[in-house]
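# Survey of secondary and tertiary structure
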Amino acid sequence: MNKGAKHKCEHCGESHDELPALAFNTPFYFAELTAAEKETIAEISNDFCIIRHADQTDRFIRTVMTVQINDACEDLDYGIWVSVSEKTFNEYKANFKKVPKETTYFGMICNEIPDYEASTLGLYVNVNTQNGGIRPEIIPHQKDHQLVRDWEDGITIEEAVNRVDKMTDAIKNKE
Ligand SMILES: [Zn+2]
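The structure contained in this document is the topic of the report that follows. For clarity, every value in this text was computed on a predicted model and none was experimentally measured. In this numbering scheme, every chain counts its residues from 1 along its sequence in written order. Thresholds applied to this predicted model are a pLDDT of at least 70 for local features of residues and 80 or more for the giving and counting of side-chain atom pairs; totals over whole chains, interfaces and linings are not thresholded and use all residues. Hydrogens and water are ignored here; the side-chain numbers use all heavy atoms of the structure.

## Description of the pairing of strand 7 (residues 76-84)
- Note on classification: 1.4 Å probe, protein chains only; a residue is buried when its accessible area is under 20% of the maximum for its type, exposed when over 50%, partly exposed between these limits. In this description a helix means any DSSP run of H or I spanning at least four residues, a strand means any run of E spanning at least two, and both kinds are numbered starting from the N terminus. Most of strand 7 is tucked away, with eight of its nine residues classed as buried.
- Between any two strands, pairing holds if DSSP finds at least two bridges. Here two bridges tie strand 3 (residues 22-23) to strand 7, and the two strands are oriented parallel to one another. By the bridge assignment for strand 7, alanine 23 is matched with glycine 79.
- Direction of pairing for strand 6 (residues 57-67) relative to strand 7: antiparallel, over a ladder of nine bridges.

## Overview of the nonpolar core
- The criterion is simple. A nonpolar core is a set of buried Ala, Val, Leu, Ile, Met, Phe, Trp, Tyr and Cys residues joined through side-chain atoms within 4.5 Å. Ranked by size, the top nonpolar core spans 37 residues in total, and within it Met65, Leu76, Tyr78, Ile80, Ile113 and Ile138 carry the most contacts.
- Secondary-structure elements contributing two or more residues to this core are strand 5 (48-52), strand 6, strand 7, helix 3 (86-94), strand 8 (104-109), strand 9 (124-128) and helix 5 (157-174).
- Top contributing element to this core by residue count: strand 7, with six residues.
- In this description, contact between two residues means that some pair of their heavy atoms is separated by no more than 4.5 Å. Every residue in contact with leucine 76, bar those within four places of it in the chain, is listed here: Leu19, Pro20, Leu22, Met65, Thr66, Val67, Ile69, Ile155, Ala160, Arg163 and Val164.

## Notes on the environment of glutamine 142
- With respect to the helices and strands, the residue glutamine 142 is situated in the loop between strand 10 (137-140) and helix 4 (146-153).
- A relative accessible area of 24% places glutamine 142 in the partly exposed class.
- In the structure, glutamine 142 is positioned 17 residues away from valine 125 in sequence and 7.8 Å away in space, judged by C-alpha atoms.
- Residues contacting glutamine 142, with those up to four places away along its chain left out, are Gly122, Leu123, Tyr124 and Val148.

## Looking at the pattern of salt bridges
- Throughout this description, the term salt bridge denotes a Lys or Arg side-chain nitrogen within 4 Å of a carboxyl oxygen of Asp or Glu. Under the definition given, this model contains seven salt bridges.
- Notably, a salt bridge pairs arginine 52 with glutamate 43, separated by 2.8 Å at the nearest N-O pair.
- Note that lysine 87 is salt-bridged to glutamate 91, the shortest N-O span being 4.0 Å. With lysine 87 and glutamate 91 both in helix 3 and four residues apart, the pair spans about one turn of that helix.
- It is possible to trace a salt-bridge network through shared partners that takes in Asp115, Asp150, Arg163 and Lys166.

In structure tokens, the structure reads:
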């Protein structure tokens, strides 16, 4: 989706701006590695990442999270990396795009989503795999975090646009 792309909305029939998907290209912990470490101890593709530290190996998969916007036609979609166990990683990878049966795994968010006071790193989520080659959807469920309240209650278009702006700034500052 291009930012600012206008199209006839399938919900209301009007032409209006679409929100871009807020996608993180890598897990936070991959981005923190030095260039040399990225070469030597890490592997990354569009959907999988492994980091082999001396004392432990961390495994991540790419997922989506959708936050409902209460006063707009569309929702806010995030592309988010989640750390999972070795067993989950291997099972998910083995079935990847093979139309697996829908399964729920456990994971932890491994991206810092801008515009939240408390860090989003390590938040517990359910990871629901989806049929048809669609990335798994995550459901956050740690009650005390604003992200979970947003997911449960929805947000306003103003909040959504603010998050898009903060995320765009965060990406710019990294480059
Ligand atoms: Zn619309």
